[in-house]
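Take a look at the letters that make up each chain.
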Amino acid sequence: MSFKKHSKGIEYLLLIIRKLIVDGKALDCYTVFTFQPFLLKKALNKMTNVSGSPAKIATRRGLFEFGIETLEKEGWKVSRILRGGKASLRQITKGSEKRKVSIRTSQDAWIAFPRKSSGEGWVTLDEVDFVLAVSVDDKHNPTFARVHMIPADDARARYDRAYEARKVAGHILPVGRGLWLSLYNKEQPEPVSYVGAGMGIDYPALATRDLAKEGLPQDGEDVDDEVSDEEANNASATPAAEAPLTIPEAKRRLSESLGVPISAIKITIEH
């Protein structure tokens, strides 16, 4: 059997495992993967549709509005950029000072920007002076929402070093797909997903909202700023050819991610 047809499935499994590690869930040192392609496809479709659920949309609207309210309380006049073309982009004005800001909401304390199709720089991030990150404090049991105003120069530097670190580590980084950074994990070289992290730590919250007592604003607009700006445009594009992922390479990556010897990892594929 050709392993090429399953290489993409293995890559998705690697991504899922990295996410589990980031979320702090324990994994056994002896890890067995058994999957059938059609079941994997169903699972991925279900995962993709979650971000569009009514509850997710309502939370996203509320977080975005909370960000707008915070800017206004800080003395900024907030307005759309008519020719900006991006729903999350705003112009903020205070006296003679004018700045551009990208508002990014998060329901898991990670924010993303996609790499430009040219391979140099970041979509939206390169156009702004600040990133306004509006996030809940915890993915599974959110109790607070926080607003952080991050200088875009520092955000760009973080995304640049995160991109380089993941590339060196052998991660697949498709053009136009968002690269995610953690707001509340401290930046460190290992795991590689933490390179560039910690913007929510280094830039204290401008505002904090107790979700149990206050909830989120209910009259926010439907701004899908969690989806990277270029992903929709590239969704129908033919992906670039990728070298097939081999089982030894998959074991090597899992060994690095989990901190266990390669001999402790077994991958089983049923077809």
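What you see as residue numbers is a count from 1 along each chain, following the sequence as written. Residues qualify for local features only when their pLDDT is at least 70, as the model is predicted, and side-chain atom pairs are given and counted only at 80 or more; totals for whole chains, interfaces and linings, by contrast, use all residues. In computing side-chain properties, one takes all heavy atoms of the structure into account and sets aside hydrogens as well as water.

Participant: What should I look at first to understand the overall build of the protein chain in this one?
Facilitator: Elements are defined by DSSP. Helices are runs of H or I of four residues or more, strands are runs of E of two residues or more, and each kind is numbered from the N terminus. Broken down by element type, the protein chain carries seven helices and 10 strands. The contact criterion used throughout is that any non-hydrogen atoms of two residues lie within 4.5 Å. The long-range share in the protein chain, meaning contacts at least 24 apart out of those at least 6 apart in sequence, stands at 65%. Here the accessible surface of atoms and residues is derived via Shrake-Rupley with a 1.4 Å probe, and residues count as covered only by protein chains that are part of the display. In the form shown here, the protein chain has an accessible surface area of approximately 14700 Å², with 53% of it arising from carbon and sulfur atoms.

Participant: Would you mind going over helix α3 (residues 54-73) with me for this structure?
Facilitator: The periodicity of an α-helix, 3.6 residues per turn, causes residues three or four positions apart to be oriented the same way. What a helix should span is 1.5 Å times the count of its residues minus one. Between its first and last C-alpha, α3 extends 28 Å over 20 residues, near the 28 Å set by a 1.5 Å rise per residue. A 1.4 Å probe rolled over the protein chains alone gives each residue an accessible area, and that area as a share of the maximum for its type sets the label: buried under 20%, exposed over 50%, partly exposed in between. Every buried residue of α3 is accounted for by Arg-60, Gly-62, Leu-63, Phe-64, Glu-65, Phe-66, Gly-67, Ile-68, Thr-70 and Leu-71. Those residues of α3 that are buried are in contact with β2 (77-80), β3 (89-94), β4 (97-106), β6 (130-136), β7 (144-151) and β9 (207-210). Just downstream of α3, Gly-75 is the residue with a positive phi angle, here 95°.

Participant: What am I meant to see in the sheet that holds β7 here?
Facilitator: Neighbouring strands of a sheet are bound in pairs by backbone hydrogen bonds; such pairs are parallel or else antiparallel. In this description, strands pair whenever DSSP reports at least two bridges between them. Taken in spatial order, the six strands of this open sheet run β2-β3-β4-β6-β7-β9, and their pairing is mixed. Looking at the sheet topology across the chains shown, the edges are occupied by β2 and β9. Within the sheet, the average angular offset between the axes of one strand and its neighbour, ignoring direction, is 25°. Contacting β6 and β7, helix α4 (residues 152-168) crosses the sheet at an angle of about 95° to β7. Fitted lines through C-alpha atoms serve as axes, helices being fitted only where they are in contact, and the angles separating the N-to-C directions of these axes extend from 0 to 180 degrees.

Participant: How do you make sense of the pairing of β7 when you look at a structure like this?
Facilitator: Successive side chains on a regular strand alternate, one facing one side of the sheet and the next facing the other. As defined by bridge partners, β6 adjoins β7 across seven bridges and the pair is classed as antiparallel. The residue bridging Leu-132 from the neighbouring strand is Met-149, located in β7. Two elements, β7 and β9, share four bridges in a ladder whose sense is antiparallel. Bridge pairing links Phe-144 to Asp-210 in β9.

Participant: What is the right way to look at the packing of aromatic side chains in this model?
Facilitator: Given two aromatic rings, their pairing is described by the distance between the two centres and the angle made by the two planes. What counts as a ring pair is set by centres within 6.5 Å for rings of Phe, Tyr and Trp (its six-membered ring), and what kind of pair is set by the plane angle: stacked under 30 degrees, edge-to-face over 60, tilted for all other angles. If you walk through the whole model with that rule in mind, you get three aromatic pairs. When the ring of Trp-122 is compared with that of Tyr-163, the centres are 6.0 Å apart and the planes differ by 85°; the resulting orientation is edge-to-face. Pair noted here: Trp-122 is in the loop between β5 (110-114) and β6 and Tyr-163 is in helix α4, with a separation of 41 residues, a long-range link. When sorted by exposure, Trp-122 lands in the same class as Tyr-163, which is buried. Distance and angle both matter: a charge sits over a ring if NZ of Lys or CZ of Arg is within 6 Å of the ring centre and within 35 degrees of the ring normal. A cation over an aromatic ring shows up here: Arg-115 above the ring of Trp-122, its NZ or CZ 4.7 Å from the ring centre.

Participant: Even after reading the chapter, I still don't get the confidence of the model for the protein chain, so can you show me in this structure?
Facilitator: Predicted coordinates in areas of low pLDDT are best not read in detail. pLDDT runs from 0 to 100 and stands for how confident the predictor is about each residue. When the pLDDT values of the protein chain are averaged, the result is 77; 69% of them are 70 or greater. Here helix α6 (residues 231-234) is the element of the protein chain with the lowest mean pLDDT, 37, and β7 is the one with the highest, 97. Low pLDDT (under 50) marks residues 1-6, which in the prediction has 14 contacts with non-local residues, meaning those over four places away or in another chain. Considering only residues more than four positions removed or in separate chains, one finds that residues 21-50, a stretch of pLDDT under 50, has 45 contacts.

Participant: How should the pattern of salt bridges be read in this particular structure?
Facilitator: Two side chains that carry opposite charge are able to pair once their charged atoms sit near each other. Salt bridges are defined as contacts in which a side-chain nitrogen from Lys or Arg sits within 4 Å of a carboxyl oxygen from Asp or Glu. Scanning the model with the defined rule gives 10 salt bridges in all. Across the pair Asp-126 and Lys-116 runs a salt bridge, and its minimum N-O distance is 3.3 Å. You can see Asp-126 sitting in the loop between β5 and β6 and its partner Lys-116 sitting in the loop between β5 and β6, a full 10 residues away along the chain. Of the residues examined, Asp-126 reaches a relative accessible area of 31% and is grouped as partly exposed. A salt bridge links Arg-156 to Asp-153; the nearest nitrogen and oxygen atoms lie 2.5 Å apart. Placement of both Arg-156 and Asp-153 in helix α4 is noted, with a separation of three residues, approximately one turn of the helix.

Participant: Just to check I follow, could you spell out unusual backbone geometry for this structure?
Facilitator: Only a minority of non-glycine residues have a phi that is not negative, and only a minority of peptide bonds are not trans. The omega torsion across Glu-190 and Pro-191 is -5°, close enough to zero to call that bond cis. Residue Ala-109 is not a glycine yet carries a positive backbone phi of 70°. Positive phi, normally seen in glycine, also occurs at Thr-124, with a value near 70°.

Participant: Please explain the environment of Asp-202 as it appears in this structure.
Facilitator: Mapped onto the secondary structure, Asp-202 falls in helix α5 (residues 199-202). Judged by its relative accessible area of 47%, Asp-202 falls in the partly exposed class. Taking the C-alpha atoms as reference points, Asp-202 and Tyr-184, 18 residues apart in sequence, are found 9.1 Å from one another. Within polar-contact distance, the side chain of Asp-202 engages the side chain of Arg-158 at 2.5 Å. Definition of a polar contact: a pair of N or O atoms within 3.5 Å, with one able to donate and the other able to accept a hydrogen when the atoms are protein atoms, and with sequence-neighbouring residues admitted only if both atoms are side-chain atoms.

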